[in-house]
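Below, each chain spelled out in residue letters.
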Amino acid sequence: MWIVELKLEPTDERLAARPAHRERLAQLHADGVVRMAGPFADDSGAVIIVDADDRAVVDRLLADDPYYAIDGVTVTDIREWRPFIT
């Protein structure tokens, strides 16, 4: 499993792209790839938990969604996570 941490800024471009990005995450959740995702309460960032054994899956997920490359979205960390309680 992987944790993707994002830094978010309130740019017009990011806010306009957010609905399509959330639809994509909802589909990835339905497909079993994304376990959880959401912004911090102050909207300064977000966390996405990806259920995959391989980092390449995470890299493709980020590459396939233009949201991660727009002004106002910065991927600050990608870490492998090994939860023992799910």
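Heads up: the structure comes first, above all this text.
Residues numbered from 1 in each chain as written. Predicted model: local features only at pLDDT ≥ 70, side-chain atom pairs only at ≥ 80, totals over all residues. Heavy atoms only, no water.

Focus: the pairing of strand S2 (residues 34-39)
Next, step 1: Bridge count for S2 against strand S3 (residues 45-50) is 5 bridges, and the pairing is antiparallel. Opposite Pro39, over in S3, you have Ala46 as the bridge partner.
Next, step 2: The hairpin formed by S2 and S3 contains 5 residues between the paired strands, and Asp43 there has a positive phi angle of roughly 60°. (Pairing = 2+ DSSP bridges. Helix = DSSP H or I, 4+ residues; strand = E, 2+ residues; numbered from the N terminus.)

What to know about unusual backbone geometry
Next, step 1: Even without being a glycine, Asp43 presents a positive backbone phi close to 60°.
Next, step 2: Relative to the elements of secondary structure, Asp43 occurs in the loop between S2 and S3.

With respect to helix H2 (residues 55-63)
Next, step 1: Among all positions in H2, only Val58, Leu61 and Leu62 are buried. What you see down the axis of H2 is that its buried residues fit within an arc of 95°, all on one side.
Next, step 2: Against strand S1 (2-8), helix H1 (12-30), S2, S3 and strand S4 (73-80) lie the buried residues of H2.
Next, step 3: Between the side-chain oxygen of the N-cap and the backbone nitrogen of Ala56 there are 3.0 Å, and the N-cap of H2 in question is Asp54. (Buried < 20%, exposed > 50% of the residue type's maximum accessible area, 1.4 Å probe, protein only. Arc of directions from axis to C-beta. Contact = heavy atoms within 4.5 Å. Polar contact = N/O pair within 3.5 Å; in protein donor to acceptor, adjacent residues only side chain to side chain.)

Some thoughts on the pairing of S1
Next, step 1: Only one face of S1 is buried: it carries Trp2, Val4, Leu6 and Leu8, and the other face, with Ile3, Glu5 and Lys7, is open.
Next, step 2: Both S1 and S4 contribute to a ladder of 7 bridges, which runs antiparallel. Residue pairing in the sheet places Leu6 in a bridge with Val75 of S4.

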